[in-house]
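Chains, contacts and geometry: an overview
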Amino acid sequence: METMQHTHTDTCFDCAEACERCATACLEMHDSDSKGHDMTACIKLCRDCADICTLCGRLTARGSQFMAAFMQVCAEACEACAAECEKHAGHHAHCKACAEACRKCAAECRKMAA
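Below, the structure is looked at part by part. Just so we're clear, the structure is a prediction, and the values are computed from it rather than from any experiment. (Residues numbered from 1 in each chain as written. Predicted model: local features only at pLDDT ≥ 70, side-chain atom pairs only at ≥ 80, totals over all residues. Heavy atoms only, no water.)

With that settled, the discussion passes to the packing of helix 2 (residues 40–61) against helix 3 (residues 67–88). One way to put it is that helix 2 packs onto helix 3 with a least axis distance of 9 Å and a crossing angle of 150 degrees. In terms of axis orientation, helix 2 runs roughly antiparallel to helix 3. Of the two elements, helix 2 crosses helix 3, and the hand of that crossing is left-handed. On helix 3, the residues that touch Ala-41, Cys-42, Leu-45, Cys-46, Cys-49, Ile-52, Cys-53, Leu-55, Cys-56, Leu-59 and Thr-60 of helix 2 are Met-67, Phe-70, Met-71, Val-73, Cys-74, Ala-77, Cys-78, Ala-80, Cys-81, Glu-84, Cys-85 and His-88. Looking at side-chain class alone, the contact of helix 2 with helix 3 contains 20 nonpolar, 2 polar and 1 charged residues. (Axes fitted to C-alpha atoms, helices over the stretch in contact; angles between N-to-C directions. Helix = DSSP H or I, 4+ residues; strand = E, 2+ residues; numbered from the N terminus. Parallel < 35°, antiparallel > 145°, perpendicular 65-115°, else oblique. Left-handed = near helix turned anticlockwise from the far one by under 90°. Contact = heavy atoms within 4.5 Å. Nonpolar A, V, L, I, M, F, W, Y, C, P; charged D, E, K, R; others polar.)

If you want it as structure tokens, here you go:
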């Protein structure tokens, strides 16, 4: 169980980092860099997902009695963030990386929560 929890914790933190990087890159974009896309939803979902993933990783690391419930929420947040980032993945590498990290985290959260 320790190995599985450690792996899941790392996945949560990796996802949070990818989300933070994506949100920051979106915020720093100029109009010409955004390819005409409104990045507001992407930024909001990335920020929410990063916070939820960080909390889920911390709860998992300490074996919290609440971790299974938070894994469900984390999976939902990751899936929503991935869906939004995938809309921009063809234009922005940071969105592609974020979507991939979110999909991986969502899958692990669903598996761990089951």
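There's plenty left to go through after this.
In this model, helix 3 (22 residues) spans 31 Å end to end at C-alpha, consistent with the 32 Å of a helix rising 1.5 Å per residue. Looking at helix 3, one finds that the buried residues are Met-67, Met-71, Cys-74, Ala-75, Ala-77, Cys-78, Cys-81, Ala-82, Glu-84, Cys-85 and His-88. (Expected span 1.5 Å × (residues − 1). Buried < 20%, exposed > 50% of the residue type's maximum accessible area, 1.4 Å probe, protein only.)

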